[in-house]
2 protein chains.
Amino acid sequence: MLQLDALTSLKRTFRRGEYLYRCGEHFQSLFAIRTGFFKTQVLHEDGREQVTGFQMPGEIIGLDAICTDVHTCDAVALEDSEICEIPFDRLETLSRELPSLQRHLHKIMSREIVRDQGIMMLLGSMRAEERLAAFLLNLSQRFSARGYSPTSFYLRMTRQEIGSYLGLKLETVSRTFSHFQEHGLLNVRVREVEIMDLIRLRSFVSHT
Amino acid sequence: MLQLDALTSLKRTFRRGEYLYRCGEHFQSLFAIRTGFFKTQVLHEDGREQVTGFQMPGEIIGLDAICTDVHTCDAVALEDSEICEIPFDRLETLSRELPSLQRHLHKIMSREIVRDQGIMMLLGSMRAEERLAAFLLNLSQRFSARGYSPTSFYLRMTRQEIGSYLGLKLETVSRTFSHFQEHGLLNVRVREVEIMDLIRLRSFVSHT
DNA sequence: CATGGTTTTTGACCTATATCAAACGTATTT
DNA sequence: AAATACGTTTGATATAGGTCAAAAACCATG
């Protein structure tokens, strides 16, 4: 594990709005987020954007670029952030020597595939309220896993970015927040979210 | 590469409708499709299904299960098919000795992530006509890569399965096929598709 | 701390797709 | 070959979410 540390010794900081990488750039390294918050997005030629994910500390970014050695999306800092660069060829070399590292890498890639499946499910067969509930519960769970409150957090992204991620227009996102608030499920003050009724919010997404 | 052959020596056949694996089953092997056609799907507890992909010969299935050692979706044969089983722990062992195999595995996993990004884009920000056009062009490209006609092929899946994959109802899929036919873009006779105007179909999905 | 720009909320109205329903085709079984 | 089940097409109607617009809240900057 010392060797792994050596691998990830290159650190860099990004100001809010800065690009970690852009679609089309040559791929060399994965990036581990140490602090901060990122989004990844794909841009259509006609200007439409699709946010493909929001990443927080401990998560790995850039896996999509392995297959062609070219980044297939943009990664943008949503707040001032710090990342570790992981040169991919060195990671591959090292993982040939460390089976546990190899296994770990495979699990990370597989987890990304499972995450994407979840988003397909969300975009393909959920209604607006279910999508937003699923989104908030996912954030809640990830904040919680990092030692933060599962019920009270600050949204780093705009309504338009949430909408793009969820396949909804920003107005629909805003209205759905308002509905949830009216029904006592949560309190929202713009970017500040407090979940009042986790149970009921959960029943929204998987209404058995 | 001889060693790889030894790895994939376990072959099995499946009749149409049979399950290669089911959600929740223990994961041990990846599967390479030799002949035939599969779909993968996730089922909600409330009965809604989401088709997450259609797989054809040469493609690898089961990558989602690596992260938890449990399959997270069903894989169902859409026609009589033959697959190669690839025991995953042996694949990992072998890929530690063969850097080119290691690289190949990583590229395959990454390609799956990129594929999923494309579906997110499709589900999140395209209209019905664009979705179906993108779907048909994707099939066209994949048939073509396997030496079959890019313009004339047989659909192995039902309208309902296409709809589930594209986040549309089967009636919408059917109507959109009819529209395309009325506009001279293609001829459809139920499962038999003939693309008459590839160029115009392309301009549908990436209308610059 | 005033200013200009962005983001969010809310309302009124519209449209793409869903829903419901019926007829029709196509496969499978007997 | 008839019977039955399943998949597809098409029409009429409903609705969730999109669009357009304006006001309000927020926030960065000089």
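Residues numbered from 1 in each chain as written. Chains lettered and ligands numbered in written order. Predicted model: local features only at pLDDT ≥ 70, side-chain atom pairs only at ≥ 80, totals over all residues. Heavy atoms only, no water.

Focus: the packing of aromatic side chains
Point 1. Scanning the entire structure with this criterion turns up 20 aromatic pairs over all chains.
Point 2. Feature note: the residues Phe-37, Phe-143, Tyr-148 and Phe-153 of chain A constitute an aromatic cluster, connected by ring pairs.
Point 3. In this structure, Arg-22 of chain B is placed above the aromatic ring of Tyr-19 of chain B, and the distance from its NZ or CZ to the ring centre is 3.7 Å. (Phe/Tyr/Trp six-rings, centres within 6.5 Å; stacked < 30°, edge-to-face > 60°. Lys NZ or Arg CZ within 6 Å of the ring centre and 35° of its normal.)

Observations regarding the interface of chain A and chain B
Point 1. Each side of the interface is counted separately: chain A has 47 residues, and chain B has 47 residues.
Point 2. Between chain A and chain B the total buried area reaches about 4500 Å² when both faces are included, carbon and sulfur atoms providing 58% of it.
Point 3. Broken down residue by residue, the surface that chain A buries against chain B is led by Arg-96, Ile-113 and Met-120 of chain A, which jointly contribute 15%.
Point 4. Between Glu-92 of chain B and Arg-103 of chain A there is a salt bridge, with the nearest N and O atoms lying 2.5 Å from each other.
Point 5. Elements with a contribution of two residues or more to the side of chain A that touches chain B: β5 (49–55), α2 (88–97) and α3 (99–125) of chain A.
Point 6. Here the element with the most residues in the side of chain A that touches chain B is α3 of chain A; it accounts for 21 residues.
Point 7. Residue composition of the side of chain A that touches chain B, grouped by class: 18 nonpolar, 15 polar and 14 charged. (Contact = heavy atoms within 4.5 Å. Buried area = accessible area lost by both parts, 1.4 Å probe. Salt bridge = Lys/Arg side-chain N within 4 Å of Asp/Glu carboxyl O. Helix = DSSP H or I, 4+ residues; strand = E, 2+ residues; numbered from the N terminus. Nonpolar A, V, L, I, M, F, W, Y, C, P; charged D, E, K, R; others polar.)

A word on the nonpolar core
Point 1. Counting residues in each nonpolar core, the largest one holds 98 residues, and the members touching the most others are Phe-135 and Phe-177 of chain A together with Phe-135 and Phe-177 of chain B.
Point 2. Within the second largest apolar cluster, 36 residues are counted, among which are Leu-98 and Ile-108 of chain A together with Cys-84 and Leu-94 of chain B. (Core = buried A, V, L, I, M, F, W, Y, C linked by side-chain atoms within 4.5 Å. Buried < 20%, exposed > 50% of the residue type's maximum accessible area, 1.4 Å probe, protein only.)

A few points about the protein's contact with DNA strand D
Point 1. Close to DNA strand D lie 20 residues; Ala-128, Thr-172 and Arg-189 of chain A together with Arg-159 and Ser-178 of chain B are nearest.
Point 2. Arg-175 of chain A is positioned such that a nitrogen or oxygen atom in its side chain is 2.9 Å from a base oxygen of DNA strand D.
Point 3. Arg-191 of chain B has a polar side-chain atom sitting 3.0 Å from a phosphate oxygen of DNA strand D.
Point 4. Broken down by secondary-structure element, the contributors of at least two residues to the surface near DNA strand D are α6 (170–182) of chain A together with α6 (170–182) of chain B.
Point 5. Of the residues forming the surface near DNA strand D, the biggest block, 5 residues, is contributed by α6 of chain B.
Point 6. Considered class by class, the residues forming the surface near DNA strand D number 5 nonpolar, 5 polar and 10 charged. (Near = heavy atom within 4 Å. Polar contact = N/O pair within 3.5 Å; in protein donor to acceptor, adjacent residues only side chain to side chain.)

Here's the deal with the sheet that holds strand β10 (residues 186–189) of chain B
Residues and elements named next belong to chain B.
Point 1. Strand order in the open sheet formed by 3 strands is β9-β11-β10, with antiparallel pairing between adjacent strands. In this open sheet, the two edge strands, each paired with only one partner strand, are β9 (152–154) and β10. Strand-to-strand, the axes of this sheet are offset by a mean angle of 15°, without reference to chain direction.
Point 2. Two strands pair when backbone bridges link them, and β10 and strand β11 (residues 192–195) are joined in this way by 4 bridges, in the antiparallel orientation. (Pairing = 2+ DSSP bridges. Axes fitted to C-alpha atoms, helices over the stretch in contact; angles between N-to-C directions.)

Regarding the relation of the copies chain A and chain B
Note that the two copies of the chain are related through a rotation about an axis and a translation along the same axis.
Point 1. Note on the identical chains: chain A maps onto chain B by a rotation of 180° and an axial translation of 0.0 Å, with an RMSD of 0.0 Å. Accordingly, the operation relating the two chain copies is best matched by a two-fold axis. Residue Arg-96 of chain A of chain A places its C-alpha closer to the rotation axis than any other residue of that unit, at 2.2 Å.
Point 2. A share of 100% of the interface residues of chain A reappears at the interface of chain B, consistent with the copies meeting face to face through the same patch. (Least-squares fit on C-alpha atoms with pLDDT ≥ 70 in both.)

Comments concerning the packing of helix α4 (residues 128–145) of chain B against helix α7 (residues 198–205) of chain B
All names here are of chain B.
Point 1. Between α4 and α7, whose axes approach to 8 Å, the crossing angle comes to 130°. Classified by the angle between their axes, α4 and α7 sit oblique to one another. In this structure, the crossing between α4 and α7 has a hand that is left-handed. Where α4 abuts α7, its residues Glu-129, Glu-130, Ala-133, Ala-134, Leu-136, Leu-137 and Ser-140 lie against Leu-198, Leu-201, Arg-202, Phe-204 and Val-205.
Point 2. The residue makeup of the contact of α4 with α7, split by class, is 8 nonpolar, 1 polar and 3 charged. (Parallel < 35°, antiparallel > 145°, perpendicular 65-115°, else oblique. Left-handed = near helix turned anticlockwise from the far one by under 90°.)

Quick word on the pairing of strand β10 (residues 186–189) of chain A
Point 1. Residues Leu-186 and Val-188 of chain A point to one face of β10 of chain A and are all buried, whereas Asn-187 and Arg-189 of chain A, pointing to the other face, are not buried.
Point 2. In textbook terms, the turn of a hairpin is the stretch between consecutive antiparallel strands, and for β10 of chain A and strand β11 (residues 192–195) of chain A this stretch comprises 2 residues, one of which, Val-190 of chain A, has a positive phi near 60°.

Examining the environment of Arg-12 of chain B
Residue and element names in this part refer to chain B.
Point 1. Inspection of the secondary structure assignment puts Arg-12 in strand β1 (residues 10–14).
Point 2. On the accessibility criterion, Arg-12 (37% relative accessible area) is partly exposed.
Point 3. Sequence spacing of Arg-12 and Ser-81 is 69 residues, and the spatial spacing of their C-alpha atoms is 8.5 Å.

Digging into the pairing of strand β8 (residues 81–87) of chain A
Residues and elements named next belong to chain A.
Point 1. With 6 of its 7 residues buried, β8 lies for the most part within the structure.
Point 2. Bridge analysis of strand β1 (residues 10–14) against β8 gives 5 bridges, and the strand direction is antiparallel. Bridging across to β8, Lys-11 finds its partner in Cys-84.
Point 3. Judged from the 6 bridges that link them, strand β3 (residues 29–35) and β8 form a sheet pairing that is antiparallel. Across the sheet, residue Thr-35 finds its bridge partner in β8, namely Glu-82.

Read these as geometric descriptors, not functional statements.
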